[in-house]
Amino acid sequence: MEEEFQTFSTSEGVFLTRTTKKFQNRKAWAEPNPKMISASIPGTVLDVYVKAGQIVKKGETILLLEAMKMQNQIVMPFDGKVKKVYVKAEEKIPKNHLMVEIV
Amino acid sequence: MSLKRNIQDLRKRKIEVQKGGGDEAIEKQAAMGKLTARERILAILDENSFHEYDLFVEHLAHDFDMEKKVLHGDGVVTGTGTIDGSPICIYAQDFTVAGGSLGLGHARKITKIMDHALKMRVPLIGINDSGGARIQEGVNSLAGYGEIFFRNTISSGVIPQLSVILGPCAGGAVYSPALTDFVFVVENISKMFITGPNVIKTVLGEEISMEELGGAKVHCEIAGNAHFYAKSEQECFEQIKSLIKYIPRNNTDKAARIETKEPLKKYKIEDVVPNDPKYPYDIKDIIKSITDSSEFFEVMELYAPNIVIGFGRIDGNTCGFVANQPMYLAGVLDCDSSDKAARFIRYCDAFNIPIITLEDMPGYLPGADQEHMGVIRHGAKILYAYSEATVPKITVIIRKAYGGGYIAMNSRHLRADFVFAWPTAEIAVMGPEGAANIVFRKEIMEAEDSNAMRKQKIEEYKEKFANPYVAAGKGYVDQVIEPSETRSMLIHALSVSTNKTIQMPLKKHGIPPF
């Protein structure tokens with residue numbers, strides 16, 4: 001009848017215990033990568049203005065994302081070259097969806 | 001018209017209105033596995049105790065040909081009755097009448113019974129089963145919601161307010177339950193959300209079912225919006241009746257005392273805690289070895305199970321229990337368990353229910369997700385709630401009481417009235433492993449075999465500090481007791497605390513870390 005418990009560490013030591021669904025589904029933290037431009041809000045891509053290989057200056061609009069009835073201009077965070085475009089016009093994308101990769 | 005005919009006419013009118021939306025709509029309601037509004041009220045209240053008011057209220061809509069429509073009782077049943085002889089104000093939205101939609105007349109019936117409950121200082125039970133705002137009534141239905149929310153807030157902490165979700169409760173409507181003390185939900189019947197699956201799909205392109213978005217399980221387990229989960233309406237009604245028996249009618253009253261009975265013999269308090277401090281056990285077994293008849297009425301059982309809250313009786317009087325649960329996440333505090341405990345502490349304090357804290361927790365849950373969710377602000381709620389509470393507050397330290405957790409779990413320093421500790425208690429600034437690594441850092445680093453040295457130093461630290469006697473030596477713990485003495489010590493401490501009086505500094509209200 002001995003139940004198998006999971007080991008669980010805190011700063012105060014290692015314990016045996018059960019965990020919850022919510023705990024198991026928690027997301028590990030990842031350092032944000034500014035070269036990967038992802039959607040900060042779910043929405044619909046209205047237009048993409050850049051192509052792979054194109055050199056784009058900081059501040060130029062690379063695509064238009066409609067979310068919550070607002071048209072959001074997604075701009076280049078710094079001067080760079082577009083490595084790959086992952087979305088196309090009319091595409092509906094969820095939050096955190098990778099849109100453009102730059103180098 | 002003779003009196004006899006008048007009476008017959010009245011009876012006829014009543015029967016007509018009590019049909020609600022009519023036979024067809026009632027059949028539809030039954031097909032969804034739901035009782036009607038009146039059936040629900042009758043099932044909750046004592047037999048023959050329900051008295052309905054505003055039966056003949058009609059709706060106030062004029063546009064879109066609504067004036068030609070008859071909506072019996074305007075889609076809500078209101079009245080008074082008793083549960084276990086104790087008076088109750090109650091309303092139930094009638095889904096068979098225009099989908100239980102809320103217009104101004106409907107809302108006014110609800111606010112009238114709410115005003116009555118507050119004035120008479122009796123508990124209010126609201127049964128929600130409604131499609132939402134009655135769009136034909138426009139901004140008037142919004143006014144209705146606002147007037148309900150306002151009364152929920154004003155009555156908060158004065159009379160107990162219970163919300164029962166027995167159907168859809170969507171959009172603005174969800175805020176009334178959210179403002180009340182306890183929310184009851186039933187599997188497959190309750191649906192609560194601000195924006196429904198259709199809106200989420202159109203706006204965000206995400207597909208999610210109603211059950212997964214805002215079903216009973218979700219609100220009990222994930223969102224923490226609901227407190228009681230039931231598999232059927234009948235089970236839900238039994239939960240409501242049980243709760244009403246544990247709590248007082250209002251904030252100047254005390255919960256009714258019932259005859260005391262010893263805990264059941266099968267709960268042996270000395271057998272619960274395992275010898276190895278790394279091993280978990282079920283804290284509820286300890287609660288049940290303390291309470292009258294070993295009865296414990298748990299609140300929010302499915303949410304943040306690393307802390308256990310609920311009601312039990314000691315010597316016939318209701319107590320609120322707050323207990324770390326080593327069985328889940330080793331009993332740590334995190335954002336969710338802090339919210340859960342803090343709100344319950346404030347509930348008990350508002351309604352004169354003494355709080356018993358059982359402590360066994362190894363500190364806070366580490367992790368970037370916790371920090372980013374604001375575990376500082378959430379954790380602070382427990383400190384705030386305990387510090388502010390003026391009801392009798394008694395702590396029993398069972399095993400681990402480390403660091404910030406020791407302070408948070410109703411320590412002497414937050415004005416606990418009594419702090420008892422079992423001889424198994426480990427009260428220290430942090431766990432022996434962490435502490436030894438810091439205090440003996442140099443010795444461990446410089447040792448030839450640093451692992452062996454670390455082990456030795458941990459043992460030394462454990463021997464010296466991982467016990468209740470250091471804290472007891474400073475008066476932070478009042479008494480180190482044998483586990484078998486716990487119930488009798490609690491009975492004694494509670495009886496000494498009966499007339500506890502504390503003057504708080506005058507203020508409008510505090511600013512809790514919501």
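Residues numbered from 1 in each chain as written. Chains lettered and ligands numbered in written order. Predicted model: local features only at pLDDT ≥ 70, side-chain atom pairs only at ≥ 80, totals over all residues. Heavy atoms only, no water.

Caption draft 1: Quick peek at the overall build of chain A. Each helix and strand in chain A was counted, giving one helix and 10 strands. The N-to-C order of helical and strand elements in chain A reads β-β-α-β-β-β-β-β-β-β-β. For 103 residues, the compact-globule formula gives about 13 Å, and the C-alpha radius of gyration of chain A, at 21 Å, lies well above that figure. In terms of principal-axis extent, the alpha carbons of chain A reach across some 65 × 30 × 20 Å. Taking the contacts inside chain A whose residues are at least 6 apart along the sequence as the reference set, 49% of them involve residues at least 24 apart. (Helix = DSSP H or I, 4+ residues; strand = E, 2+ residues; numbered from the N terminus. Rg over C-alpha atoms; globule rule 2.2 N^0.38 Å. Contact = heavy atoms within 4.5 Å.)

Caption draft 2: Seen up close, the packing of helix 16 (residues 432-439) of chain B against helix 18 (residues 450-465) of chain B. All names here are of chain B. Interaxial distance between helix 16 and helix 18 falls to 9 Å at its minimum, and their mutual angle equals 115°. Taken together, the axis directions place helix 16 and helix 18 in an arrangement best described as roughly perpendicular. When the axes of helix 16 and helix 18 are compared, the crossing they make is right-handed. Seen from helix 16, the contacting residues are Pro 432, Glu 433, Ala 435, Ala 436 and Asn 437; seen from helix 18, they are Arg 454, Lys 457, Ile 458, Tyr 461 and Lys 462. Across the contact of helix 16 with helix 18, the residue classes tally to five nonpolar, one polar and four charged. (Axes fitted to C-alpha atoms, helices over the stretch in contact; angles between N-to-C directions. Parallel < 35°, antiparallel > 145°, perpendicular 65-115°, else oblique. Left-handed = near helix turned anticlockwise from the far one by under 90°. Nonpolar A, V, L, I, M, F, W, Y, C, P; charged D, E, K, R; others polar.)

Caption draft 3: The side chain of B:Asp181, seen in detail. All names here are of chain B. With respect to the element layout, Asp 181 can be found in the loop between helix 6 (175-179) and strand 7 (182-186). One buried charge, Asp 181, has no salt-bridge partner; the nearest side chain with opposite charge is Arg 343, at 5.0 Å. A polar contact is formed between the side chain of Asp 181 and the backbone nitrogen of Gln 161, at a distance of 2.9 Å. Excluding residues that lie within four positions of it along the chain, Asp 181 makes contacts with Ile 159, Pro 160, Gln 161, His 227, Arg 343, Tyr 347 and Phe 351. (Buried < 20%, exposed > 50% of the residue type's maximum accessible area, 1.4 Å probe, protein only. Lys, Arg positive; Asp, Glu negative; His and termini not counted. Salt bridge = Lys/Arg side-chain N within 4 Å of Asp/Glu carboxyl O. Polar contact = N/O pair within 3.5 Å; in protein donor to acceptor, adjacent residues only side chain to side chain.)

Caption draft 4: Region of the structure containing the interface of chain A and chain B. Each partner contributes to the interface: chain A provides 25 residues, whereas chain B provides 33 residues. Carbon and sulfur atoms supply 64% of the area buried between chain A and chain B, which totals about 2,400 Å² over both sides. Ranking the residues of chain A by area buried against chain B places A:Glu12, A:Arg18 and A:Lys22 at the top, with a combined share of 25%. At the junction of chain A with chain B, the criterion picks out two salt bridges. The interface formed by chain A and chain B includes 12 residue pairs in polar contact (both at pLDDT 80 or more). The element best represented in the side of chain A that touches chain B is strand 2 (residues 13-17) of chain A, accounting for five residues. (Buried area = accessible area lost by both parts, 1.4 Å probe.)

Caption draft 5: Local environment of empty space enclosed by the protein. Counted under the stated rule, the structure contains three cavities of 30 Å³ or more. Considering only enclosed or pocket space, the largest cavity measures out at about 60 Å³ in volume. Lining the largest cavity are B:Tyr91, B:Gln93, B:Leu102, B:Ile110, B:Asn128, B:Ser130, B:Tyr145, B:Ile148, B:Ala173 and B:Ser176. Contributions of two or more residues to the lining of the largest cavity are made by strand 3 (86-93) and helix 5 (139-155) of chain B. Within the lining of the largest cavity, the residues separate by chemical class into six nonpolar, four polar and no charged. If you add up the space inside the second largest cavity, you get close to 40 Å³. Contributing to the lining of the second largest cavity are A:Phe15, A:Leu16, B:Pro277, B:Lys278, B:Tyr279, B:Pro280, B:Pro326, B:Ala330, B:Arg399 and B:Lys400. Secondary structure elements with two or more residues in the lining of the second largest cavity: strand 2 of chain A together with strand 14 (393-402) of chain B. (1 Å grid on protein atoms, 1.4 Å probe; cavity = no way out; pocket = protein on both sides within 12 Å on 5 of 7 lines; lining within 4 Å. Points joined across faces, edges and corners; volume = space filled by probe spheres on them.)

Caption draft 6: Representation of the packing of aromatic side chains within the structure. Residue and element names in this part refer to chain B. Going through the model one piece at a time under the given rule, you end up with 16 aromatic pairs over all chains. Geometrically, the ring pair formed by Phe 182 and Tyr 347 is edge-to-face, given 4.8 Å between the ring centres and 65° between the ring planes. Of this pair, Phe 182 sits in strand 7 while Tyr 347 sits in helix 12 (residues 335-350), and the two are 165 residues apart along the sequence. Each member of the pair, Phe 182 as well as Tyr 347, is classed as buried. Here a set of aromatic residues connected by ring pairs shows up, and it is made of Phe 182, Phe 184, Phe 228, Tyr 246, Phe 297, Phe 311, Phe 344, Tyr 347 and Phe 351. In this structure, Lys 34 packs its charged tip against the face of Phe 95, placed 4.3 Å from the ring centre. (Phe/Tyr/Trp six-rings, centres within 6.5 Å; stacked < 30°, edge-to-face > 60°. Lys NZ or Arg CZ within 6 Å of the ring centre and 35° of its normal.)

Caption draft 7: Representation of the pairing of strand 4 (residues 43-48) of chain A in the model. All names here are of chain A. Of the pairings in the sheet, the one linking strand 4 to strand 9 (residues 92-93) comprises two bridges and is antiparallel in character. Bridge pairing in strand 9 places Thr 44 opposite Lys 92. Both strand 4 and strand 6 (residues 61-67) contribute to a ladder of four bridges, which runs antiparallel. By the bridge assignment for strand 6, Asp 47 is matched with Leu 64. (Pairing = 2+ DSSP bridges.)

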